[in-house]
Amino acid sequence: MRAVRVLLLGILAATGCKFLDTLGVKPRPPADTANGILPDRPAGDFVSYLNAQAAAVQSIRFDDVSVKASDQGNDMPRLGEGVLVCAKPRNFRMIAGHVLTSGTEVDLGSNSSEFWMYVKRPQQTFIYCSHEDFSQGKANLPIPFETDWVLEALGMAPLDPNLQYAVETNQKERVYTLTWEAKTPQGEPIRKTTVFAGDRASADRPQVVRHVVTDANRKVIATADVREVRPTPIGDTTVLVPTRVALEWPQQKFKMDLTLGRPSVNGNLSQKDFDYFFKRPTISGANPINLAAARYTPSSYRGATPGDSRPRVFGSR
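This report concerns the structure included in the present document.

## Brief notes about the overall build of the protein
Moving on, step 1. A count of helices and strands for the protein gives 5 helices and 16 strands.
Moving on, step 2. Per-residue burial over the protein gives 54% buried out of 317 residues.
Moving on, step 3. Pairs at least 24 apart in sequence give 57% of the contacts found in the protein among residues at least 6 apart.
Moving on, step 4. When the accessible surface of the protein is summed, it comes to about 14400 Å², and 47% of that surface belongs to carbon and sulfur atoms.

## A closer look at the packing of aromatic side chains
Moving on, step 1. Here the structure, examined in full by the defined rule, presents 10 aromatic pairs.
Moving on, step 2. Summarising the aromatic geometry, the rings of F46 and F196 are spaced 4.8 Å apart at their centres and angled 55 degrees between planes, so their arrangement reads as tilted. Separated by 150 residues along the polypeptide, F46 in helix α2 (residues 43–56) and F196 in strand β11 (residues 189–197) bring together distant segments of the chain.
Moving on, step 3. For F46, a relative accessible area of 0% translates into the label buried.
Moving on, step 4. Accessibility expressed as a relative area gives 0% for F196, which makes it buried.
Moving on, step 5. Taking 5.8 Å as the distance between ring centres and 80 degrees as the angle between the ring planes, the aromatic pair formed by Y118 and F126 counts as edge-to-face. Comparing Y118 with F126, the two get one shared label, buried.

## Quick look at the nonpolar core
Moving on, step 1. Ranked by size, the top nonpolar core spans 57 residues in total, and within it L178, F196 and M256 carry the most contacts.
Moving on, step 2. Listed in part, the 8 residues of the second largest apolar core include V83, V85, F277 and F278.

## Observations concerning empty space enclosed by the protein
Moving on, step 1. Here the structure, examined in full by the defined rule, presents 4 cavities of 30 Å³ or more.
Moving on, step 2. As a volume, the largest cavity reaches approximately 100 Å³.
Moving on, step 3. Around the largest cavity sit 13 residues that line it, and L50, E152, G155, A157 and H211 are the ones nearest its centre.
Moving on, step 4. Listed by contribution, the elements that provide at least two residues to the lining of the largest cavity are α2, α4 (148–153) and β12 (208–214).
Moving on, step 5. Residues that form the lining of the largest cavity fall into these classes: 7 nonpolar, 5 polar and 1 charged.

## Describing the environment of D225
Moving on, step 1. Its place among the elements puts D225 in strand β13 (residues 220–234).
Moving on, step 2. Distance in space between the C-alpha atoms of D225 and R210 is 4.6 Å, their sequence separation being 15 residues.
Moving on, step 3. The residues touching D225, leaving out its near neighbours within four places in the chain, are V209, R210, R244, V245 and A246.

## Points about the pattern of salt bridges
Moving on, step 1. Within the structure shown, the criterion is met by 9 salt bridges.
Moving on, step 2. Between R280 and E114 there is a salt bridge; the shortest N-O distance is 2.8 Å. Within this pair, whereas R280 is found in the loop between α5 (271–277) and β16 (289–290), its partner E114 is found in strand β7 (residues 114–119), the two being separated by 166 residues in sequence.
Moving on, step 3. Judged by relative accessible area, which is 26%, R280 ranks as partly exposed.

Criteria and thresholds
- Residues numbered from 1 in each chain as written.
- Predicted model: local features only at pLDDT ≥ 70, side-chain atom pairs only at ≥ 80, totals over all residues.
- Heavy atoms only, no water.
- Helix = DSSP H or I, 4+ residues; strand = E, 2+ residues; numbered from the N terminus.
- Buried < 20%, exposed > 50% of the residue type's maximum accessible area, 1.4 Å probe, protein only.
- Contact = heavy atoms within 4.5 Å.
- Areas by Shrake-Rupley, 256 points an atom, 1.4 Å probe, with all protein chains shown as cover.
- Phe/Tyr/Trp six-rings, centres within 6.5 Å; stacked < 30°, edge-to-face > 60°.
- Core = buried A, V, L, I, M, F, W, Y, C linked by side-chain atoms within 4.5 Å.
- 1 Å grid on protein atoms, 1.4 Å probe; cavity = no way out; pocket = protein on both sides within 12 Å on 5 of 7 lines; lining within 4 Å.
- Points joined across faces, edges and corners; volume = space filled by probe spheres on them.
- Nonpolar A, V, L, I, M, F, W, Y, C, P; charged D, E, K, R; others polar.
- Salt bridge = Lys/Arg side-chain N within 4 Å of Asp/Glu carboxyl O.

Here it is in structure tokens:
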């Protein structure tokens with residue numbers, strides 16, 4: 001299922017920004033020394049922090065994306081020269097190629113009505129599904145997929161302040177963990193956890209350091225660790241945009257390390273940009289298969305009918 005695993009690279013790209021009080025939330029400041037005691041904090045502080053960030057960020061674009069991945073412990077060919085664009089309310093696109101070859105190798109996207117995936121190797125695959133059909137359980141994927149996780153992990157989707165949240169303070173690791181119960185689009189119970197550094201972020205160090213998704217049995221579905229960030233001013237706020245994120249799906253023994261270069265937050269996305277990035281492409285030699293109408297098995301897509309034209313690989317600003 002390597003092709004489907006590649007589809008998930010956008011699910012949990014994570015982010016963070018300056019700590020709670022920089023966005024108008026006024027809890028007690030965290031300890032500034034390694035020997036200080038982290039104060040207890042209510043869940044509302046962290047929810048308010050994440051929601052303030054979501055209000056500040058409308059779109060994120062990275063124009064220099066590279067990907068290193070391993071499957072079952074085996075390194076996969078590196079992807080580079082990619083672009084990743086995400087815009088509210090539900091738009092996402094990542095396109096990348098192999099460093100030593102030409103043309104698009106991976107094309108992942110979503111808009112308000114559907115999501116899609118194109119993978120050129122090891123076997124050409126082009127699949128798509130409407131969000132409605134997927135939420136009704138009409139599509140088969142080995143891991144629960146929720147496009148909204150993309151926006152949530154990028155700090156662009158607000159949390160519901162009326163949900164029940166729990167906060168734990170870990171003095172040894174010097175982190176706070178915010179946890180809440182959720183459901184997949186198909187109604188399956190999951191638990192989400194966001195981990196915050198207890199001390200203030202500085203330089204390229206993140207404040208939100210980890211996202212974890214577990215199933216009903218508390219087995220980990222996926223994790224995203226933020227390794228590096230870049231401070232980006234937005235009005236009176238400074239957002240720490242992720243520049244390196246490590247993703248892992250333990251049950252599938254799949255890992256991915258994303259380097260996200262040349263970030264732009266709330267940049268001017270024209271109508272032409274929206275039409276290109278957030279519309280399912282036509283790719284020569286690949287006929288898109290609707291997951292709601294056909295069970296996904298990689299071998300069933302060989303010999304697909306060619307499409308009409310080949311899109312641009314990376315777009316232009």
